[in-house]
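Coordinate inspection notes
Below, each chain spelled out in residue letters.
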Amino acid sequence: MDDTQKQNKIMRVITGIVISLIALMCLFLGGIPILAFLIVVVFLGSIEYVKILRTKGFHPSLSLILLADVTFSLLIFFRRFDLLPSIISLAVMASFLMVLFMGRQPYIVNVATTALGFLYCGWLPCHLLLIRQIGLDRINAFQIGVNEGLWLVIFVFLIVVATDIGGYYFGSKFGKRKLSPVISPKKTVEGAIGAGIAAIIVAVFGVFYTNLSLFEAMFAGFLITVSSQLGDLSESLVKRDAGVKDSSNILPGHGGILDRTDGYLFAVPVAYYYFVNFTHGHNILIEFFKYVQGVVNVYF
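First, a word on what this report is: a plain description of the structure on this page.

As a further point, take a nonpolar patch on the surface. Together, Val 92, Phe 96, Leu 97, Leu 100, Phe 101 and Ile 108 make up a nonpolar patch on the protein surface, roughly 630 Å² of accessible area in all. With respect to the helices and strands, the residue Val 92 is situated in helix α4 (residues 84-100).

Below, the structure is given as structure tokens:
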């Protein structure tokens, strides 16, 4: 390993530690700190997304994407979930109008990439706030203290980290068969399996600090590691199609915000809907079977 590689490795470690400490502090404080952290992440990620697509010749509306991103974050923070369908609908319609009056050739692809931009870079990461709010019954500027949402966020983060580490170790040690040679040539089937094993092992320990049962924790670990790897591949798809290696160089040794958060963009929403529909809310399977039983009782 030459001096440049050593320096890059050191910078990668330092950057990773700093980002992790900032993220953990904001997650613990909750409230305004986590809202501010989220807005910064989606703001920078959206800029990277637009820059990537511009290299492809597309011109999504950055201003609309950023406006929608911030609006999603604020509505979730203030728990105005009733307004979210209206805002998403208006944002989609505005995508057409912004492209029509941007002064460029109004290609439909610019409408599509604008809508994808605020859904991918704004709506998906906003589920971090939704998980953090689990177990809280009011809006607080600071949510200092332990609640179930905090532990569930940490649970998700640890599984995504385990997925990355397990995938890298098993892939470099045993990787032979390419997982997706066109999209991401370095990823292997063995690495993906190793990532899943590491994630589920880490998920098992979730029973000690969350209200999840052993089965719920393991199944959550499976869902999160699969969605994290799919999120990674999806971001690679965007970059591969645009012909870029990293989304940016804002994070020394890590690339860009999207490079660092791609796994979370899929893992966090999947985890949230699993928690609220199966472990920390109404279990939709139980409700479905009760409905079926009611129908059977009525007609038979």
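What follows is about helix α2 (residues 31-55). Given a rise of 1.5 Å per residue, 25 residues ought to cover 36 Å, and the 37 Å separating the end C-alpha atoms of α2 matches this to within 8%. Just beyond α2, the residue with positive phi is Gly 57, at close to 95°.

Before going further, it helps to spend a moment on the pattern of salt bridges. Tallied over the entire structure, the rule returns six salt bridges. Salt-bridge contacts for Arg 177 lead to Glu 190; the nearest nitrogen and oxygen are separated by 3.0 Å. Of this pair, Arg 177 sits in the loop between α7 (148-174) and β1 (178-180) while Glu 190 sits in helix α8 (residues 189-204), and the two are 13 residues apart along the sequence. Here Arg 177 falls in the exposed class, since its relative accessible area comes to 51%. A salt bridge links Asp 232 to Lys 187; its shortest N-O distance comes to 3.5 Å. Note that Asp 232 is positioned in helix α9 (residues 214-242) and Lys 187 in strand β2 (residues 184-188), a separation of 45 residues in sequence.

Okay, helix α10 (residues 257-279) next. Between its terminal C-alpha atoms α10 stretches 31 Å, which fits the 33 Å expected from 23 residues at 1.5 Å a residue. Of all bends in α10, the biggest is about 30°, found at Gly 263.

By the element assignment, Lys 186 lies in strand β2. Taking the C-alpha atoms as reference points, Lys 186 and Ser 172, 14 residues apart in sequence, are found 9.1 Å from one another.

Glancing now at the packing of α2 against α10. Helix-helix packing: each pair is described by the crossing angle between the helix axes and the interaxial distance. At a closest axis distance of 9 Å, the pairing of α2 and α10 adopts a crossing angle of 110°. As far as their axial angle goes, α10 and α2 are roughly perpendicular. Across the interface between the two elements, Val 41, Leu 44, Gly 45, Glu 48, Tyr 49 and Ile 52 of α2 pack against Ile 257, Leu 258 and Thr 261 of α10. Each residue belonging to the contact of α2 with α10 can be placed in one class, and the counts come to six nonpolar, two polar and one charged.

Bringing the environment of Gly 191 into the picture now. Relative to the assigned elements, Gly 191 resides in helix α8. Given a relative accessible area of 5%, Gly 191 falls into the buried group. As a C-alpha pair, Gly 191 and Gly 166 span 25 residues in sequence and 7.1 Å in three-dimensional space. When neighbours within four sequence positions are excluded, Gly 191 is seen to be in contact with Gly 166, Gly 167, Phe 170 and Gly 171.

Here we come to the packing of helix α3 (residues 62-77) against α4. Between α3 and α4, whose axes approach to 11 Å, the crossing angle comes to 175°. Judged on the interaxial angle alone, α4 and α3 are roughly antiparallel. Between α3, through Ser 63, Leu 64, Ala 68, Thr 71, Phe 72, Leu 75 and Ile 76, and α4, the contact on the second element is made entirely by Leu 84, Ile 87, Ile 88, Ala 91, Ala 94, Ser 95 and Met 98.

Before going further, it helps to spend a moment on the nonpolar core. Tyr 49, Ile 131, Phe 155, Val 156, Ile 224 and Phe 275 are the most contacted members of the largest nonpolar core, which totals 53 residues. Apart from residues lying up to four places away in sequence, Phe 275 is in contact with Ile 134, Leu 152, Phe 155, Val 156, Leu 212, Ala 220, His 280 and Gly 281. In this structure, Ala 23, Cys 26, Phe 37 and Ile 257 belong to the second largest nonpolar core, which totals five residues.

The backbone of Arg 79 shows a phi angle near 60°, a positive value even though the residue is not glycine. Note on placement: Arg 79 falls in the loop between α3 and α4.

Attention now moves to the packing of aromatic side chains. Within this structure, the stated rule accounts for 15 aromatic pairs. Relative to Phe 275, the ring of Phe 155 has its centre 6.4 Å away and its plane inclined at 55°; by these criteria the two rings are tilted. Remark: Phe 275 occurs in helix α10 and Phe 155 occurs in helix α7; sequence separation between them is 120 residues. Just as Phe 155 is buried, Phe 275 falls in that class too.

Mapped onto the elements, Asp 262 comes out in helix α10. Buried charge Asp 262 goes without a salt bridge, the closest partner of opposite sign being Lys 239 at 5.7 Å. In this view, Asp 262 contacts Gly 231, Asp 232 and Glu 235; residues no more than four positions away in its chain are not counted.

Rules and cut-offs
Residues numbered from 1 in each chain as written. Predicted model: local features only at pLDDT ≥ 70, side-chain atom pairs only at ≥ 80, totals over all residues. Heavy atoms only, no water. Patch = residues over 30% accessible without salt bridge, like charges linked within 9 Å, V, L, I, M, F, W, Y side chains within 5 Å. Areas by Shrake-Rupley, 256 points an atom, 1.4 Å probe, with all protein chains shown as cover. Salt bridge = Lys/Arg side-chain N within 4 Å of Asp/Glu carboxyl O. Helix = DSSP H or I, 4+ residues; strand = E, 2+ residues; numbered from the N terminus. Expected span 1.5 Å × (residues − 1). Buried < 20%, exposed > 50% of the residue type's maximum accessible area, 1.4 Å probe, protein only. Bend = angle between axes of the 7 residues up to and from the residue. Axes fitted to C-alpha atoms, helices over the stretch in contact; angles between N-to-C directions. Parallel < 35°, antiparallel > 145°, perpendicular 65-115°, else oblique. Contact = heavy atoms within 4.5 Å. Nonpolar A, V, L, I, M, F, W, Y, C, P; charged D, E, K, R; others polar. Core = buried A, V, L, I, M, F, W, Y, C linked by side-chain atoms within 4.5 Å. Phe/Tyr/Trp six-rings, centres within 6.5 Å; stacked < 30°, edge-to-face > 60°. Lys, Arg positive; Asp, Glu negative; His and termini not counted.

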